[in-house]
Amino acid sequence: MDLQLITRIELVTKPGFYDSEAQNVKSGAKDLGIRSVEKVYSYDVSYLLGEISKEDKIKIAENLLSDKVTQEYLIDKQFEMVHSKDHWSVEIIFNRGVTDMVAETTLKGITDLGISGVREAKTARRYDFIGRISDSEKNQIVEKLLMNKVIEHVVVPGETIFFPKMEDRFELVHVPILNADTDALLNISRERDLFLNLEEMQVIQNHFRGLDREPTDVELEMLAQTWSEHCSHKTLTGLIEYDGNIIDNLLKNTIFKVTSELNKSWCVSVFKDNAGIIEFDDDYNVCFKVETHNHPSAMEPYGGANTGIGGVIRDPMGTGLGAKPIINTDIFCFGPVDIKHSDLPKGVLHPKRVMQGVVAGVRDYGNRMGIPTSNGSIFFDERYLGNPLVYCGNVGLIPVDKCEKTIVPGDYILVVGGRTGRDGIHGATASSGELHTESEGTWSGAVQIGNPIVEKKLVDTLLQARDSGLYRAITDCGAGGLSSAIGELAETTGAEVQLDKVPLKYHGLTYMEIWISEAQERMVIFVPPDKVKDALELFASEDVEATIIGKTTSDKKIRLFYKDTIVGEMDMQFLHKGLPRTIRKAKWEKPEFTEEKFEQPAELTEYLHKILSSPNVCSKEWVIRQYDHEVQGGSVMKPLVGEKNDGPGDASITRPRLDSFKAVILSNGLNPKYGLLDPYAMAVSSIDEALRNIIAVGGNLKRTALLDNFCWGNTNKPDRLGGLVQAAQACYDAAKVFETPFISGKDSLNNEYQTENGESIAIPPTLLISAISVMEDARKAVTMDLKEPGNLLYIVGLTNYEMGGSHYFELLGKNSVSVPQVNFERAKKIFNDLSSAIDHNYVRSCHDCSEGGIAAAVAEMAFSGGFGATLAMNNIPKNPMNMRDDIVLFSESNTRFIVEVTPENKKLYEEKLADCPFAEIGKVTGEQKLIIKGSNGNILINEDIYILKESWQKTLRW
Amino acid sequence: MVPKVLVLRAAGSNCDFETKFAFDKAGAQTDLVHVNRLLSDDTKLDQYQILAIPGGFTYGDDISAGKILANQLKYKLAEKLNKFYRDGKLIIGICNGFQVLVKAGLLPVVDFMAEQSITLSNNDSGKFEDRWIYLNVNDGPCVFTRDIKKILYFPVAHAEGKFVPNDETVLNSLKENNQIVFQYISPHNGKTEYPDNPNGSIENIAGICDPSGRVLGLMPHPERHLDPTNNPLWTRKGLSGEGDGLKLFKNAVNYFLS
């Protein structure tokens, strides 16, 4: 390529202005323990390809790329900010084929300036470092701070920036399996990353023997994708041998079953569409979906989380005829962020880097899409080092008459939104395997980077198309890409697809790659023939690409063409029903150990400080503030509440319609610490926690639905699967009594990590329960911050000796087999009566007791409200009655609340709670002190609330 | 006459619905219009009295916040916008819309040929932040803040909101013409520092108008405080009246009714 055609423009922040990128790199180096970096400069670099006049170059630099007030630019030269022999310069650029959003926007901006002739653009970042930095330190800085080699590399002088266009290549590939023996079949599965087991390969072999032909590569890939754990949930819907019995479809026997038995009229669509739908008001329903994006986030935290939230937003967009996304949620599990780099297993990114990347990824996608991120939580545990968990959820608002799709033969199939590239090949099948030390390199194809603006344009246009009735069916391209989207949507009719028509990001993709690519921001719609013209015009008017790629048929086959050649043909019946059902063994044995006895410490203030500052309890404000939680204008209760808007709210409340006070409450429950000790208790605790949070802010059980997201280790191992059976049964038992149906769910299995010496580390069994509730009047909401001195404080619920997995025992290095359980009937009574008390406006503040128990809950209420509290412990309802004060204060028993009531409402409030365990335990005070007196009148805790607050805030104040 | 409001959309606008709701609630008739429709002249700017550029991340803020949309206004719609302004009409830009106005040449004075003299640069905190802030409203020509005599409480949500004038001359001219409409203020009467000034803006400036008072740009979001339940302190202080933001939109509508 003629170098003359490449223009390089470099920008620097003017002296006196804050260069945040450089500062982040500098403090990041310090985090790595590198002390030699004295100063860092960062530069934004743009490469442009094409014949550009000198004046146009200046025009582009001045009027488009640079900000005159804060930046300077150089054309075809580098800034020399430093003249020092201890100077090191390094430039980072995206790998070939990775989405470069800014470059795409730059091209548009250049066209807007009236400049033609720029054919391509690419962006890069350059850094100047000053300091005597050793080569090994430089390596660390590059690999651990500046780039992720999965998507980026260091620019080498003279390297090719723009590649010549590749030719479209076409070669029909058959895979010979008809005569393959078992070894050969397994080899094919392994070499092609199909993740199909022998039995599955043999079923495929027999199928093609019946057809008397070899399969093509794309047919095998389509089967592998459709039959992947990610798309078919074959473990949870398969056969499980447990306790001498065969469970035929665990989901059907637990989660689905309870929903069907409860048979709530307000459940509109459950477990069949991309998200579960419940009634909201006369005009609208709401839908909710939570997904995980664990494997991609482990490899590339920013891109993985970015596309995780981007992907789950497309679920409501692809539900019914499309919902408007209105709220995001996100829940993360990471390894400990204070772990030493030297203690990390090989191939694992540092948890702090994972967390920063994940948060930035969710932030940049959610904020740009204009969707408030209003609920979430973060959990830390060593066993998430190799397998961080990234749960992303989205709620959508959908008109009541747009909740069903119609699939008929003869409709046009359109792909709309983003273009197809090589990104995300094998994402669906890869999630069926374990991560290992070489994951970064071997699965780089599975990494994706999102472009939220493409998705925002897409949703804006789709909602107009929906309201104009321009399509009859819609779904998203997620895992498995077009293969999964069209394969599922056209299951009842059949479809023909012209793969050469699919718009591509770049040339050179094979038909197989086009079919299974997981490129982001794409949706598929089925358009009636008489609406095609209007649909294409509408999409064009909003700069959204829409392309006809096929038609629905009536022969229940999927047929793929590349130009005139048929490259794949498959019976829908075999594709969707042909998967053999493997029997998996499951067993569960409760761990047994004896508890060590220890003396009660005389003073507990120190322990309260430690609990408040522990990573799982401490303030997550650093994360929350980076999310826009106000956009769309309907925020009623924010994630941060209290006098200074920085206390931990129990749940979020949002008004989806600005002309109404009807609202949606969102909450979640997550208790991985109980997972290994007692998965049943873990599951019921998570449900209890999610529901407690709904009740605490003013919701009720009557209009509350649940979502389940199981993240587990390798369930081919019986002990892992045994825990899963327990947890699923717990979901049934709890939901049945609470009458809170499950409406959607998803599982992510195989979250294990192979270390160098072959050991497999599994994550703790982790069930996320998300709850969504419809609230009649948002003006009845209650926050958790103390409101007024003189008010009375109550405990509601029974405190048990349940210290297994508790923060207090963890601090002391102890453990217990007594994990918090739930008495369903009692819990239901408490939920309903407390909810009624709040509905009658008897309650001024309410907070659930969770991690850190009563002590942490009261402390949080006090410092969030800016008032003190005095508590006496003698009449707290407890079992056994002789339980020690420290246990009572820090036990994490379920179904408990601390409630603030005005003296005037004392009687009315107590009447409401008459049938529940409760007690008046203290008062709100005007002094800024939390004072807790033990059952003998001795002072157990006496501390300034703002000192407690500092402990709670300091840990993650990054 | 009920004034007509054009809320301008582009790829990545995302506060368009609530901005429309605000104007409609204030008594206007509001349309959401994609910039492509103005560029193609399918929609005539002439038929509107108020132009609102809402918050969001137009074109991803990919090069810098609001830059691409600003260039579209500056290089492709300048004539129409000049006429709109000369006809005595109103323009408001909120958050990303404010960034667009200063980069297009609609603030601090309406002059598409002028060099950009103000920018909204990266927050001093180095990151996107969503938080509620208190705003002092200065006396001056601004149409949108007429008769507002109290401290306002709005959320900000941005990564690039630090108000920076090119030099002292620019700042002095803003002061002389009473163009500084909103300044961040500490609720405790003390010096206004981070986080009360959430981004490090020079002189705590949160919003400015042109010398006529008919073009307003501000970083905080009045359209996110239309109802008292938006106020994060409502469970402490109770619900009464309307949200602080509604008055701005009512003032704009009333400008054409009186």
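Remember, predicted model here, so these are calculated numbers, not experimental data.

Q: Can you tell me about the overall build of chain A, naming the residues and giving the values?
A: Within chain A, the regular secondary structure consists of 30 helices and 42 strands. In summary, chain A has a C-alpha radius of gyration of 29 Å against a globular reference of 30 Å for 958 residues, a match within 12%. Taken across its 958 residues, chain A has 66% of its residues classed as buried. Accessible surface, chain A: about 33700 Å² in total, of which carbon and sulfur atoms supply 47%.

Q: Got a sec to walk through the side chain of T605(A)? Specific residues and values, please.
A: Its place among the elements puts T605(A) in helix α21 (residues 605-613). Take T605(A): its relative accessible area is 7%, and that puts it in the buried class.

Q: Could you give an account of unusual backbone geometry, naming the residues involved and the relevant values?
A: Of note, the amide linkage connecting N879(A) to P880(A) takes the cis form, showing an omega dihedral of 0 degrees. Mapped onto the secondary structure, P880(A) falls in the loop between β38 (878-879) and α28 (885-890). The amide bond that connects Y194(B) to the next residue, P195(B), takes the cis arrangement and shows omega of 5 degrees. Of note in this structure, D543(A) is not a glycine but carries a positive phi near 60 degrees. If you trace the backbone, D543(A) turns up in the loop between α19 (532-541) and β20 (546-552).

Q: Account for the sheet that holds strand β23 (residues 583-586) of chain A, naming residues and giving values.
A: All names here are of chain A. If you trace the 3 strands from one edge of the open sheet to the other, you get β8-β7-β23, paired in mixed fashion. Taken across any chain shown, the strands that pair with only one partner, and hence form the sheet edges, are β8 (245-248) and β23. Strand-to-strand twist of the sheet, defined as the mean angle between neighbouring strand axes without regard to direction, takes the value 30 degrees. Bridge count between strand β7 (residues 239-242) and β8: 4 bridges; the pairing is antiparallel. The partner of Y242 across the bridge, within β8, is N245. Across the sheet, helix α24 (residues 718-738) lies against β7, β8 and β23, angled at about 85 degrees from β23, the strand it touches most.

Q: Can you tell me about the sheet that holds strand β9 (residues 267-269) of chain A, naming the residues and giving the values?
A: All names here are of chain A. The sheet built from 6 strands is open, its strands ordered β9-β10-β11-β14-β12-β13 with mixed pairing. Where the open sheet ends on each side, the last strands, each with one partner, are β9 and β13 (373-380). Direction aside, neighbouring strands of the sheet carry axes that sit 20 degrees apart on average. Bridge count between strand β10 (residues 276-279) and strand β11 (residues 284-292): 4 bridges; the pairing is antiparallel. Bridged to E279 within β11 is N285.

Q: Report on the packing of helix α10 (residues 255-262) of chain A against α24(A), specifying residues and quantitative values.
A: All names here are of chain A. It is at 8 Å that the axes of α10 and α24 come closest, and there the two elements cross at 15 degrees. Overall, the two elements α10 and α24 adopt an arrangement that is roughly parallel. In terms of crossing hand, the pair formed by α10 and α24 is right-handed. In contact with I255, K257, V258, E261 and L262 of α10, α24 contributes C731, Y732, A735 and K736.

Q: Quick rundown of the pattern of salt bridges? Include the residues and the values.
A: Residues and elements named next belong to chain A. Within this structure, the stated rule accounts for 82 salt bridges over all chains. Salt-bridge contacts for E21 lead to R125; the nearest nitrogen and oxygen are separated by 3.9 Å. You can see E21 sitting in helix α1 (residues 20-31) and its partner R125 sitting in strand β5 (residues 118-130), a full 104 residues away along the chain. In this structure, the salt-bridge partner of E200 is K234, at a minimum N-O distance of 3.1 Å. Taken as a pair, E200 in helix α6 (residues 198-211) and K234 in the loop between α8 (229-232) and β7 lie far apart in primary sequence, 34 residues in all.

Q: With reference to specific residues and values, describe the environment of Q78(A).
A: All names here are of chain A. Position of Q78 among the secondary structure elements: in the loop between β3 (71-75) and β4 (87-94). Of the residues examined, Q78 reaches a relative accessible area of 39% and is grouped as partly exposed. C-alpha separation for the pair Q78 and Y43, spaced 35 residues apart in sequence, amounts to 9.2 Å. Each residue touching Q78, except ones within four places of it in the same chain, is listed here: R8, E10, S89, E91 and R126.

Q: Describe the domain arrangement of chain A, listing the residues and the values that go with them.
A: Examined at the domain level, chain A breaks down into domain 1 (3-154), domain 2 (182-232), domain 3 (264-404), domain 4 (405-581) and domain 5 (605-616 + 636-954). With centres defined by C-alpha atoms, the gap from domain 1 of chain A to domain 5 of chain A works out at 47 Å.

Q: Explain the interface of chain B and chain A residue by residue, including any values.
A: Of the residues lining the interface, 56 residues belong to chain B; the matching set on chain A comes to 67 residues. If you sort the residues of chain B by the area they bury against chain A, I63(B), D130(B) and R236(B) come out on top, with a joint share of 13%. Across the contact surface, chain B and chain A share 6 salt bridges. For K68(A), the salt bridge identified is with E115(B), shortest N-O distance 3.8 Å.

Q: Explain the pairing of strand β39 (residues 897-901) of chain A to me, using residue names and the numbers behind them.
A: All names here are of chain A. Among the 5 residues of β39, 5 are classified as buried, and the element is accordingly described as predominantly covered. The two faces of β39 match: F897, V899 and V901 on one face and I898 and E900 on the other face are all buried. Bridge analysis of strand β34 (residues 792-796) against β39 gives 5 bridges, and the strand direction is antiparallel. Residue I795 lies in a different strand from β39, and its bridge partner there is I898. The sheet contact formed by strand β36 (residues 845-848) and β39 spans 4 bridges and is antiparallel. Across the sheet, residue H847 finds its bridge partner in β39, namely I898.

Thresholds applied
Residues numbered from 1 in each chain as written. Chains lettered and ligands numbered in written order. Predicted model: local features only at pLDDT ≥ 70, side-chain atom pairs only at ≥ 80, totals over all residues. Heavy atoms only, no water. Helix = DSSP H or I, 4+ residues; strand = E, 2+ residues; numbered from the N terminus. Rg over C-alpha atoms; globule rule 2.2 N^0.38 Å. Buried < 20%, exposed > 50% of the residue type's maximum accessible area, 1.4 Å probe, protein only. Areas by Shrake-Rupley, 256 points an atom, 1.4 Å probe, with all protein chains shown as cover. Pairing = 2+ DSSP bridges. Axes fitted to C-alpha atoms, helices over the stretch in contact; angles between N-to-C directions. Contact = heavy atoms within 4.5 Å. Parallel < 35°, antiparallel > 145°, perpendicular 65-115°, else oblique. Left-handed = near helix turned anticlockwise from the far one by under 90°. Salt bridge = Lys/Arg side-chain N within 4 Å of Asp/Glu carboxyl O. Domains from an automatic or database assignment. Buried area = accessible area lost by both parts, 1.4 Å probe.

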